[in-house]
Amino acid sequence: MSSARQNQILLSAQLSVRYAGKQPVLRDVQLEIQRGEVLGLVGQSGSGKSTLAMAILGLLDKKRAQTEGTIRFQDSELLQLSEHELRALRGRAVALVLQSPLSALNPALKIRTQLREAWRAHAAGGTTECANAIRASLQSVSLPADDEFLRKYPSQMSVGQAQRVLIAMAVMHRPALLIADEATSALDVITQSEILALFRDLNRSTGMAILYISHDLASVAGICDRIAILHRGEIVECGTTEQIFAHPQHEYTQRLMAALPRILPANPQLQAKTEAAAAR
Amino acid sequence: MTRHEKRVGEMASAWGKAIAVTVICLVSLLKPAAAQGGGELRFCLRTEPKTFDPLKVEDDASAAVRYLTGGVLVRVNRQTQELEPELAQSWKTSKDGRQITFRLRSGILFSDGTNFSASDVAYTMQLLMDPALHSPTGDAFRSGAGNVETKVISPTQISITFSAPVAGLDRLFDQVAILSERSPKKEMAVLGPFMVADYKPGASLLLNRNPNYWKTDEQGRKLPYLDSIRLDIQPNRDVEMLRFKRGELDLINSLDSEYFDKLSATSPQQVHDAGPSLDSEQLWFNEVAKSPIPGYKKNWFRSANFRQAISEAINREDLSRIVFHGHAQPALGPFSPANKFWFNSKLRPQAYSPDAALKALQAEGFRMKNGALKDKDGNEVVFSIITNAGSKIRERMAVLIQDDLQKIGVHVNVVTLDFPSLIERMTQSYDYEAILLGLTNVDLDPNGEMNVWLSSSENHQWNPQQKAPETSWEAEIDRLMRAQASSSDAKKRKEAFDRVQEIAVEQEPFIFLINKNALSAVSKTVHGAAPVILWPQAFWNAERLTVATK
Amino acid sequence: MNSWQKLACAVLALVLGASLAANLLAPGGYAKQYREATNAPPSHAHWLGTDDVGRDRFARVLYGTRISLLLAPAAALLSTLMAALIGGLAGYLGGTWARMAMAVTDLFLSLPWLFLLITARALMPLNVSPQVSALVTFMLLGFLGWTAAARVLCTTAGSLRSSDFVRQARAAGLPGQRLFWVHVMPNLRPVLYAQFWISIPVFILSEANLGILGLGVAEPMPSWGSLLKELEGLVSVGEEPWKFVPLILLVVVVTSFQLLLSRQEGVAA
Ligand SMILES: Nc1ncnc2c1ncn2[C@@H]1O[C@H](COP(=O)(O)OP(=O)(O)O)[C@@H](O)[C@H]1O
Ligand SMILES: [Mg+2]
């Protein structure tokens, strides 16, 4: 991580969200994402991670969810944008990858159609440009771009392939920020590590920032530059991966650490720290 | 259609002398006689009776109850069509047609045991003529403003005076069932052969014999023979038919020709065709000047030659043969030949001749081109005939007429509408071209049809409520109808109405198609049945029927 | 496709083919009245006898089949499209829209259907040709027959709206109407297919019912409804068995549709 990049703030948010008739889900959450960094957002399920992701994309139902605060992204204030302006941003500047590839892909549509729709949402080019863009994005996630593959329906693919398709769709327009909401949680261990590697590669090769959301502290360790811990709607701790693993400050983080399988992380020093934390 | 109340002119001479029959009644003052073993007669009412008050009767079902339970001063014999004495032994109408004097039988009791006397007649007439009651029966008597005057001369003699002459005054009393002035049971105290014993709304009505009924037969046996009559309320004709076949019903009135044929195939002795009835089926064109139909069509419809040509092109024999299976006669005019006195016997059947019809139309400037008739301005002759949905008979008639008229290049669209929309078009919006409907006529006297023939009337269907007659022939009909209504001379009345019938046949505002035969079915177990064409056909002589018990 | 379904297909093809060839098979036409031979039993001249006014029943069955078999699918298409648009769109938009659409649907379902049809027919101009009246009758059926399907579609579309793939597609920046047409609609297709196939026999029967009330296709044009009307008041089967041909045909065709429908559902599942 170069210091030049470190200073470039891509997104800075400070926001509260409450669903109609409920306690606030997010309470004055402060979050900064720098250009090109991978920020992990960890919290147990129900802590409000998805809500945060949706709030950034402006996808929360305005009638049912009340959002307050600021979300600065690049030069704009997202909460002030119209639906039209937000739509122009979604998929082009900020992309999203959801947890379960099988439900996040439309079962009734061919892969080609889904990719084409995603491309057309932000590009006016003709069929050749479209085909080229699809090919390029599929290649970037190491998937075949031939006709046979494009004609497939989601149900005719493996879960890993489907997740790659989703990622291909997300990176198609080279977004500055990719939000991966539990993008690997539904996958088996091997596929999970493959996809994680893919995220890391994409981050390195394209320089896009990733907000990597997971309930699983272990899975974020290998990929994230920094980690934020979300607990009951509040960011209780935020620091570099090393900091978090070495010196978990908050009691909740410490508990998360304790739950980790011991073989992780690879760093024995860290492991010792973790064990110490667990013993306490 | 509407029930026409009877209006009968004063015809003491024409209808034979109303013989002052002095039947010496052996009035039984003993306790009510036990059942006579005449059995129970069962048949269907097709609707719920709306009232048991004889003065308020409007519907057929209520009229049937009134006919069976009500005692009247005089009765039109449904077989001979002559007026006969009942509670009145004799009567006399004044020259000016305003006053009638009845001589009543004595010693007669209402069903509840109260005495019958002239004051009951006075009471009934005052009630009947009370404008607040809106009695349809009373309306028939109302020819002028002012109240009715009743004068009880003695317990057996009463004179009734109206403010203006009433045509056919005596016959109107056929519909007036006498109420008791004093009975606490009000209209449930009756003078007729039967009385209401039990009523289950929506299901059935039981009439028991009136033990106090005054009449006896020639052998001195008390009438009625029947112990009771069970009337089931059943609108469905198929069910009625089925139950008759199963022996659960004893008679069916106004039977469809189709049912008639089916029944007669299996048991010919159970069906009765009494010949042509007063009912007619007719077609008419919209002649209303302000109707929302195209002007050129109005011109056709308002032309007598056009109407005659259409009439001539309709094969009435086929209508009768195919639709009614022969149980109908081609209509000769507004009145059926079944109306013995009033029918104009000079009328001849309309010849069926498409060629002559086409020639007549061509003389009017119509031209035939590629099988389609066009008027002189080139408008194709197309019109719609509407009739009520669900009437098989009329639908078939319409289909035959459609086919007949196609032969002279006239294209007909047949439209079946639900009854309320049909009536709305016929009487409110006038948004129709031709209508095919029937007229149920229970009235022998032309006075009952006053509202149809007067050009100012609402029921002058082809062109109602005219401020002044729009044609000279309608003016003439108006004059003739008024003349016959105000005359008490039966011969003059007959002359006037004969002329009305002739004009109607010349001008054909109604194209009369057929007169249906009066068909009925009577079970073998019923004795004494002699169905007639006049309503109530098969049970007109209910008091003399017996049912053999199985 | 199992052998039953093959048979169903063959039956439908045969019936449709015969009805389309009516001009050749029954050159006399459906309106010609043989007035000297009314209510005749089957003979060489009239294979299925004649009706009350002497019209060849065989010709009327063929032409009636043509009407019912061509117009019922057209009405089914109309009602399916309406259900898709109203139910699907309301469900997809959700919230007030869905509530409004459901209220309208409830209203439609609670309306006295028959009364509505009768009124609608009564409001029609009087001078319409039988062909137009047939078309209008079926279109009215189609116009009124969308409600039940719309309910199903509304709920389905509502659940699709909050599905992951629609959220994913929104996150990809797809505009609303693309989401509806490209992502929601294709997922309603199985429901729409089912609706379409179920509607066909329903409309055939509805027209038959209207015909029995005298409100269906106008004279002299035949339809299965007007042909079935002949059975009214028939006391026993033995009397005139040939009159039952239209009924048997209706049952066979509706059954065939049902067999094909179960196949369609199999594909959709
Ligand atoms: N659409 C919604 N309406 C109401 N409450 C919601 C909605 N979505 C999520 N919630 C609630 O908000 C809280 C946070 O949910 P979520 O953001 O999905 O958590 P996570 O993604 O961390 O599991 C949960 O308690 C959940 O019940
Ligand atoms: Mg979540």
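What counts and what doesn't
- Residues numbered from 1 in each chain as written.
- Chains lettered and ligands numbered in written order.
- Predicted model: local features only at pLDDT ≥ 70, side-chain atom pairs only at ≥ 80, totals over all residues.
- Heavy atoms only, no water.
- Helix = DSSP H or I, 4+ residues; strand = E, 2+ residues; numbered from the N terminus.
- Rg over C-alpha atoms; globule rule 2.2 N^0.38 Å.
- Buried < 20%, exposed > 50% of the residue type's maximum accessible area, 1.4 Å probe, protein only.
- Lys, Arg positive; Asp, Glu negative; His and termini not counted.
- Charge placed at Lys NZ, Arg CZ, Asp CG, Glu CD.
- Areas by Shrake-Rupley, 256 points an atom, 1.4 Å probe, with all protein chains shown as cover.
- Domains from an automatic or database assignment.
- Buried area = accessible area lost by both parts, 1.4 Å probe.
- Polar contact = N/O pair within 3.5 Å; in protein donor to acceptor, adjacent residues only side chain to side chain.
- Nonpolar A, V, L, I, M, F, W, Y, C, P; charged D, E, K, R; others polar.
- Pairing = 2+ DSSP bridges.
- Contact = heavy atoms within 4.5 Å.
- Axes fitted to C-alpha atoms, helices over the stretch in contact; angles between N-to-C directions.
- Salt bridge = Lys/Arg side-chain N within 4 Å of Asp/Glu carboxyl O.
- Near = heavy atom within 4 Å.
- Core = buried A, V, L, I, M, F, W, Y, C linked by side-chain atoms within 4.5 Å.
- Left-handed = near helix turned anticlockwise from the far one by under 90°.
- Patch = residues over 30% accessible without salt bridge, like charges linked within 9 Å, V, L, I, M, F, W, Y side chains within 5 Å.

J.: What exactly am I supposed to notice about the overall build of chain A here?
T.: A count of helical and extended segments in chain A gives 13 helices and 10 strands. Here chain A has a C-alpha radius of gyration of 19 Å; the compact-globule value for 280 residues is 19 Å, and the two agree. For chain A, the spread of C-alpha atoms along the principal axes amounts to about 60 × 40 × 40 Å. Expressed as a percentage of its 280 residues, the buried residues of chain A come to 49%. Charged side chains in chain A number 30 positive and 26 negative. The centres of these two groups are separated by 3 Å.

J.: Help me out: how do you make sense of the overall build of chain B in this one?
T.: Per the secondary structure count, chain B includes 15 helices and 21 strands. Against the globule reference of 24 Å for 550 residues, chain B gives a C-alpha radius of gyration of 25 Å, in line with a compact fold. Dimensions of chain B along its principal axes, counting C-alpha atoms only, are 85 × 55 × 40 Å. Counting only residues that meet the buried cut, chain B has 59% of its 550 residues in that class. Of the roughly 21,400 Å² that chain B leaves accessible, carbon and sulfur atoms contribute 52%. Taking the 66 positively charged and 67 negatively charged side chains of chain B as two groups, their mean positions are separated by 3 Å.

J.: Can you help me understand the domain arrangement of chain A in this one?
T.: All names here are of chain A. Once the domains are mapped, chain A shows domain 1 (3-93 + 175-192 + 208-279) and domain 2 (105-174). On a C-alpha basis, the centroid separation for the pair domain 1 and domain 2 is 27 Å. With both sides pooled, the region where domain 1 packs onto domain 2 buries about 780 Å², and carbon together with sulfur makes up 63% of that total. Broken down residue by residue, the surface that domain 1 buries against domain 2 is led by Arg 92, Pro 175 and Leu 187, which jointly contribute 44%. Between the two partners, domain 1 and domain 2, sit two residue pairs in polar contact (both at pLDDT 80 or more). Residues that form the side of domain 1 that touches domain 2 fall into these classes: seven nonpolar, two polar and three charged.

J.: When you look at the sheet that holds strand 4 (residues 65-73) of chain A in this model, what are you seeing that I'm missing?
T.: The strands that make up a sheet are held in pairs by hydrogen bonds between backbone atoms, and each pair lies either parallel or antiparallel. Residues and elements named next belong to chain A. The sheet built from four strands is open, its strands ordered 2-1-4-5 with antiparallel pairing. One side of each edge strand has no neighbouring strand; the edge strands of this open sheet are strand 2 (24-34) and strand 5 (76-77). The pairing of strand 1 (residues 9-19) with strand 4 spans nine bridges and is antiparallel. When the bridges of strand 4 are listed, Gln 14 appears paired with Thr 70. Set on the sheet, helix 2 (residues 49-57) makes contact with strand 1, strand 2 and strand 4; between it and strand 1 the angle comes to about 115°.

J.: What should I look at first to understand the pairing of strand 6 (residues 94-97) of chain A in this one?
T.: Regular strands have side chains that alternate between both faces of the sheet. Residue and element names in this part refer to chain A. Side chains Val 94 and Leu 96 of strand 6 all project onto a buried face; the interleaved residues Ala 95 and Val 97 project onto the opposite face, where all are buried too. Note: strand 6 against strand 7 (residues 177-181), four bridges, orientation parallel. From the neighbouring strand, Ala 95 faces strand 7, where its bridge partner is Leu 178.

J.: Sorry, what's going on with the environment of A:Leu217 here?
T.: Along the chain, the position of A:Leu217 falls in helix 10 (residues 217-221). If sequence neighbours within four positions are ignored, A:Leu217 has contacts with A:Val42, A:Ile227, A:Ile229, A:Phe245, A:Leu256, A:Met257 and A:Leu260.

J.: It is not clear to me how the pattern of salt bridges should be interpreted in this structure. Could you clarify?
T.: A side chain of one charge can pair with a side chain of the opposite charge if their charged atoms are brought near each other. By the definition in use, this model includes 51 salt bridges over all chains. For the salt bridge of C:Arg178 with A:Glu117, the shortest nitrogen-to-oxygen distance reads 2.6 Å. Of this pair, C:Arg178 sits in helix 9 (residues 176-212) while A:Glu117 sits in helix 5 (residues 111-120), placing the two residues on different chains. The class of C:Arg178 is partly exposed, set by a relative accessible area of 32%.

J.: What is the right way to read the site of ligand 1 from this model?
T.: Residue and element names in this part refer to chain A. As a structural note, the neighbourhood of ligand 1 is formed by Tyr 19, Lys 22, Val 25, Gln 44, Ser 45, Gly 46, Ser 47, Gly 48, Lys 49, Ser 50, Thr 51 and Arg 64. Within the contact set of ligand 1, a nitrogen atom lies 3.2 Å away from a side-chain nitrogen or oxygen of Tyr 19. One nitrogen or oxygen atom from the main chain of Gly 48 is found 3.0 Å from an oxygen atom belonging to ligand 1. Notes on ligand 1: free accessible area 550 Å², of which the protein chains cover 63%.

J.: Looking at this structure, I do not really get the side chain of C:Thr147. What am I missing?
T.: Relative to the assigned elements, C:Thr147 resides in helix 7 (residues 147-161). Leave out the neighbours within four places in its chain, and C:Thr147 touches C:Thr105, C:Phe108 and C:Leu109.

J.: Looking at this structure, I do not really get the sheet that holds strand 7 (residues 157-161) of chain B. What am I missing?
T.: Residues and elements named next belong to chain B. With respect to topology, four strands assemble into an open sheet ordered 4-5-7-6, the strand pairing being antiparallel. With one partner strand each, in any of the chains shown, strand 4 (88-93) and strand 6 (149-154) form the two edges of the open sheet. Averaged over neighbouring strand pairs, the angle between their axes works out to 15° when direction is ignored. Here five bridges tie strand 5 (residues 99-104) to strand 7, and the two strands are oriented antiparallel to one another. Looking across to strand 7, one finds that Thr 101 is bridged to Ser 159. Here helix 2 (residues 118-128) sits on the sheet in contact with strand 5, strand 6 and strand 7, set at roughly 180° to strand 6.

J.: Is there a simple way to explain the arrangement of the chains in this structure?
T.: Among the two pairs of chains in contact, the pair with the most contacts is chains B and C. With no contact formed, the shortest span from any C-alpha in chain A to any C-alpha in chain B equals 48 Å.

J.: Quick question: what am I supposed to make of the interface of chain A and chain C here?
T.: By a widely used convention, the size of an interface equals the accessible area lost when the partners come together. Facing the 25 residues of chain A at the interface are 15 residues of chain C. At the boundary of chain A with chain C, total buried surface from both sides reaches about 1,800 Å², with 56% on carbon and sulfur atoms. Three residues stand out in chain A for area buried against chain C, namely A:Leu59, A:Asn106 and A:Glu117, and they jointly supply 27% of the buried area on that side. At the boundary of chain A with chain C, the tally comes to one salt bridge. Among the elements that make up the side of chain A that touches chain C, the one with the highest residue count is helix 5 of chain A (four residues).

J.: Just to check I follow, could you spell out the nonpolar core for this structure?
T.: Side chains of a nonpolar character, in soluble globular proteins, are inclined to be buried together. Of all hydrophobic cores here, the largest spans 158 residues; its most connected members are A:Leu177, A:Leu178, A:Ile179, A:Phe199, A:Leu211, A:Tyr212 and A:Leu217. Counting residues per element, this core draws most heavily on helix 3 (residues 57-93) of chain C, which supplies 15 residues. Looking at which domains feed residues into this core, each of domain 1 (3-93 + 175-192 + 208-279) and domain 2 (105-174) of chain A supplies at least three. Among residues more than four places away in sequence, those in contact with A:Leu178 are A:Ala95, A:Val97, A:Ala170, A:Val171, A:Phe199, A:Met208, A:Ala209, A:Ile210 and A:Leu211. Listed in part, the 45 residues of the second largest apolar core include B:Phe116, B:Val148, B:Leu278 and B:Ile533.

J.: Sorry, what's going on with unusual backbone geometry here?
T.: Look at the link from B:Trp535 to B:Pro536: it is a cis peptide, with omega at 0°. Position of B:Pro536 relative to the elements: it lies in the loop between strand 20 (526-527) and strand 21 (546-547). Backbone geometry places A:Ser142, a non-glycine residue, at a positive phi of 60°. In this model, C:Asn39 sits at a positive phi of 55°, which is unusual for a non-glycine residue. Residue placement: C:Asn39 occurs in the loop between helix 2 (22-25) and helix 3. Residue classification places C:Asn39 among the partly exposed positions, given a relative accessible area of 28%.

J.: Can you help me understand the packing of helix 3 of chain C against helix 6 (residues 130-144) of chain C in this one?
T.: Two packed helices can be described by the angle between their axes and the distance between those axes. All names here are of chain C. It is the contact of helix 3 with helix 6, at a shortest axis distance of 7 Å, that shows an interaxial angle of 35°. You can see that helix 3 and helix 6 cross each other, and the crossing is right-handed. Contacts between helix 3 and helix 6 involve Ile 67, Ser 68, Leu 71, Ala 72, Ala 74, Ala 75, Leu 78, Ser 79 and Met 82 from the first element and Ala 134, Leu 135, Phe 138, Met 139, Gly 142 and Phe 143 from the second.

J.: What am I meant to see in a positive patch on the surface here?
T.: On the surface, a cluster of positive charge is made up of A:Lys22, A:Lys63, A:Arg64, C:Arg99 and C:Arg161. Tracing the chain through its elements places A:Lys22 in the loop between strand 1 and strand 2. Here A:Lys22 falls in the exposed class, since its relative accessible area comes to 55%.

J.: Would you mind showing me how to read the interface of chain C and chain B here?
T.: Between chain C and chain B, the contact holds 29 residues from the first and 34 residues from the second. For the pair chain C and chain B, the summed buried surface comes to about 2,400 Å²; carbon and sulfur atoms form 48% of the total. Here chain C is connected to chain B by five salt bridges. Taken together, the links from chain C to chain B amount to 11 residue pairs in polar contact (both at pLDDT 80 or more). A total of four residues in the side of chain C that touches chain B trace back to one element, the largest contributor, which is helix 5 (residues 113-123) of chain C. Here the residues of the side of chain C that touches chain B sort into 14 nonpolar, six polar and nine charged.

J.: Sorry, what's going on with the environment of C:Thr156 here?
T.: All names here are of chain C. On the secondary structure map, Thr 156 appears in helix 7. The class for Thr 156 is partly exposed, based on a relative accessible area of 23%. As for Thr 156 and Gly 87, which are separated by 69 residues in sequence, their C-alpha atoms are 8.9 Å apart. In contact with Thr 156, not counting residues within four places along its chain, are Leu 188 and Val 191. Of the polar contacts made by the side chain of Thr 156, one reaches the backbone oxygen of Val 152; its length is 2.6 Å.

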